[in-house]
Amino acid sequence: MALIAPSILAADFANLERDIHDIEQNGGDWVHVDVMDGVFVPNISIGIPVVRSLRKVTKLPLDVHLMITRPIRYAEEFVKAGADILTIHLESDTRDNTLACLQKIRSLGCRAGLSLKPGTPAEEARPFLPYCDMILVMTVEPGFGGQKFMADQMPKLRSLREMLRAENPGCLLQVDGGVDAHTCGICKENGAQVLVAGSAYFRAQDRAAFVRLIQAESYE
Ligand code: DX5
Ligand code: ZN
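As a starting point, this report considers the structure included with it. (Residues numbered from 1 in each chain as written. Chains lettered and ligands numbered in written order. Predicted model: local features only at pLDDT ≥ 70, side-chain atom pairs only at ≥ 80, totals over all residues. Heavy atoms only, no water.)

1. Focus: helix α4 (residues 95-107)
For α4, which comprises 13 residues, the first-to-last C-alpha distance of 18 Å matches the rise-based estimate of 18 Å (1.5 Å per residue) to within 8%. Taken residue by residue, α4 has T98, C101, L102 and I105 as its buried positions. Taken down its axis, α4 places every buried residue within 100 degrees of arc, on the same side. Exposed positions of α4 whose direction lies more than 90 degrees from the buried face are D96 and S107. (Helix = DSSP H or I, 4+ residues; strand = E, 2+ residues; numbered from the N terminus. Expected span 1.5 Å × (residues − 1). Buried < 20%, exposed > 50% of the residue type's maximum accessible area, 1.4 Å probe, protein only. Arc of directions from axis to C-beta.)

Laid out in structure tokens, this is it:
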């Protein structure tokens, strides 16, 4: 079974508690929280105080996706605010700082994720794999919801699945961007175990049915 992490980037920010409870009621597995700083990506979203408030209203795992420059500066605060999984971008700092940040996240008792933008080859993740609990393959350029799914990322997803099988079989593989009822199948076929969906989840006529569709047979 695959897991679904609805992204609250597509929720109503004036009604986040309502929308998180909606995710719970419709069977969502995790809540995906997109943090953007207007520097690493050309958009600004939400930050630490919002994670802290969300933590108080749900028991679902908070899957926090940091699209910020030099995330090591803020990792501890996001963990303390209540993140269960904290994902940083491979492109957002030096190799040494990225490694140090992953280790720091784990040392604080949180799961550590590493995300790759579409232009970053799978091979660049290899040195970090033993330090990760999840790898995130972006299927859009990070920064905005509602973009078109990039099917050309599927060979990279498959390569990472193979690399993880050999080097860190317990590490989860996630996809994020343009995931919907049509594109979820190919993601699962290529090894995705956790699927993020923003627009497709919040626009679905029947959200519970959409959740079941994403969760159905994972091909793994
Ligand atoms: C994009 C974000 C995604 C976004 C996905 O930078 O990382 O999580 O919310 O939105 P959809 O599912 O609409 O492509
Ligand atoms: Zn995201």
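2. Observations concerning the coordination of the zinc ion (ligand 2)
On the protein side, the zinc ion (ligand 2) has H32 (NE2), D34 (OD), H65 (ND1) and D176 (OD) as donor atoms, found 2.0 to 2.3 Å from it. For the zinc ion (ligand 2), the 6 donor atoms in the first shell make angles of 71 to 169 degrees at the metal, so the coordination geometry reads as octahedral. Read N to C, the donor residues that coordinate the zinc ion (ligand 2) are spaced as H-x1-D-x30-H-x110-D. Taken together, the residues H32 in strand β2 (residues 31-36) and D176 in strand β7 (residues 172-176) connect sequence positions 144 residues apart. Pair check on accessibility: H32 and D176 agree, each one buried. (Donors = N, O, S within 2.8 Å, 3.2 Å for Na, K, Ca; no water. Tetrahedral: all angles 85-135°; square planar, octahedral: opposite > 155°, others 65-115°.)

3. Remarks on the environment of T94
With respect to the helices and strands, T94 occurs in the loop between β4 (85-89) and α4. The class of T94 is partly exposed, set by a relative accessible area of 45%. Within the structure, T94 has its side chain in polar contact with the backbone nitrogen of N97 (distance 3.1 Å). (Polar contact = N/O pair within 3.5 Å; in protein donor to acceptor, adjacent residues only side chain to side chain.)

4. Quick word on unusual backbone geometry
Positive phi values are uncommon outside glycine, yet R70 reaches one of about 50 degrees. As for its position among the elements, R70 is in the loop between β3 (62-67) and α3 (75-81). Classification of R70 as partly exposed rests on a relative accessible area of 40%.

5. Here's the deal with the pairing of β4
Most of β4 is tucked away: 5 of the 5 residues are buried. One ladder, built from 3 bridges, connects β3 with β4; its direction is parallel. Bridge pairing in β4 places V64 opposite L86. In terms of handedness, the path from β3 via α3 over to β4 forms a crossover that is right-handed. Pairing geometry for β4 and strand β5 (residues 111-116), over 5 bridges, is parallel. Across the sheet, residue H89 finds its bridge partner in β5, namely S115. (Pairing = 2+ DSSP bridges. Right-handed = clockwise from strand over helix to strand, strands pointing away.)

6. Looking at the packing of aromatic side chains
The relation between two aromatic rings is expressed through the spacing of the ring centres and the mutual angle of the planes. Throughout the structure, instances matching the rule amount to 1 aromatic pair. With a centroid separation of 4.8 Å and 90 degrees between ring planes, the pair formed by Y201 and F202 is classed as edge-to-face. An identical accessibility class is assigned to Y201 and F202; each is buried. (Phe/Tyr/Trp six-rings, centres within 6.5 Å; stacked < 30°, edge-to-face > 60°.)

7. Some remarks on the site of ligand 1
By nearness alone, 20 residues border ligand 1, and D34, G143, D176, G198 and S199 come closest of all. Interatomic distance of 2.8 Å between a backbone N/O atom of G178 and an oxygen atom of ligand 1. In the model, an oxygen atom of ligand 1 is placed 2.4 Å from a nitrogen or oxygen of the S199 side chain. The set of elements that each furnish at least two residues to the shell around ligand 1 consists of β2, β3 and β8 (194-197). A per-element tally of the shell around ligand 1 places β2 first, with 3 residues. Looking at the shell around ligand 1 residue by residue, the classes come out as 8 nonpolar, 10 polar and 2 charged. (Near = heavy atom within 4 Å. Nonpolar A, V, L, I, M, F, W, Y, C, P; charged D, E, K, R; others polar.)

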